[in-house]
Amino acid sequence: DVGVGTALIPLELVRSAPHVGPIMAIDMSVEMLRLAVGHVRRGQVEQRILPVLADAKRMPLADASCAAVISNSIIHHIPEPLVVFREGRRIIRPGGSVFLRDLMRPESPEAVEQLVVAYAGDENVRQQQLFRQSLHAALTVDEVRELLDKADLSCARVAATSDRHWTVTARPPKF
């Protein structure tokens, strides 16, 4: 899991799928990993979820070593997302699964404000501004598709999956 944050997604995966694991839970935020380690310990799944301090642009994994690569809402934080897409392609084994989800940049400033009101309208001004900035930093579906092609992931499908998210799914072919 690239950009694991507090590890809630891997925790749910190992709870619902006993055969899944180990999951390398990568984040480059020491604070996020501290929270992730706490959640993993409380869930008593230390053997199945391995929090690792690492940069998504240079993951400490061998080529074609992962059965799956997942990520949720990290791409819009990365200045050069192509590097992360290429890194994901490098570590996924042929026939593996890729699942990436992130915010989708709206078509206009007015659409950004509508989403801020809809999803952060009850939050404080700072939280609203952070969400607004994230929406502006996000990629469009067409931009994601172009990056996937450049990253040798043309087998991937990308689609808008909500009013504010895109999702990438792929199974790189077996060679």
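The rules we used
Residues numbered from 1 in each chain as written. Predicted model: local features only at pLDDT ≥ 70, side-chain atom pairs only at ≥ 80, totals over all residues. Heavy atoms only, no water. Helix = DSSP H or I, 4+ residues; strand = E, 2+ residues; numbered from the N terminus. Polar contact = N/O pair within 3.5 Å; in protein donor to acceptor, adjacent residues only side chain to side chain. Pairing = 2+ DSSP bridges. Axes fitted to C-alpha atoms, helices over the stretch in contact; angles between N-to-C directions. Salt bridge = Lys/Arg side-chain N within 4 Å of Asp/Glu carboxyl O. Buried < 20%, exposed > 50% of the residue type's maximum accessible area, 1.4 Å probe, protein only.

A. Representation of the side chain of Asp55 in the model. Along the chain, Asp55 falls in the loop between strand S2 (49–53) and strand S3 (66–72). A distance of 2.9 Å separates the side chain of Asp55 from the backbone nitrogen of Lys57, its partner in a polar contact.

B. A look at the sheet that holds strand S6 (residues 165–170). Strand order in this open sheet of four strands is S3-S4-S6-S5, and the pairing throughout is mixed. Single-partner strands in this sheet number two, and they are S3 and strand S5 (157–160). If you compare each strand with its neighbour and ignore which way they point, the axes differ by 10° on average. Relative to S6, strand S4 (residues 92–103) runs antiparallel, the two sharing six bridges. Looking at S6, one finds that Arg101 is bridged to Thr167.

C. Geometry of the pattern of salt bridges. Inspection of the entire model under this criterion finds twelve salt bridges. A salt bridge links Lys57 to Asp55; its shortest N-O distance comes to 3.1 Å. A relative accessible area of 13% places Asp55 in the buried class. Between Arg90 and Glu87 there is a salt bridge whose closest N-O contact spans 2.7 Å. Pair noted here: Arg90 and Glu87 are both in helix H3 (residues 81–91), with a separation of three residues, about one helical turn. Taking relative accessible area as the criterion, Arg90 reaches 26% and is therefore assigned partly exposed. Here the salt bridges do not stand alone but share partners, grouping Asp55, Lys57 and Arg58 into one network.

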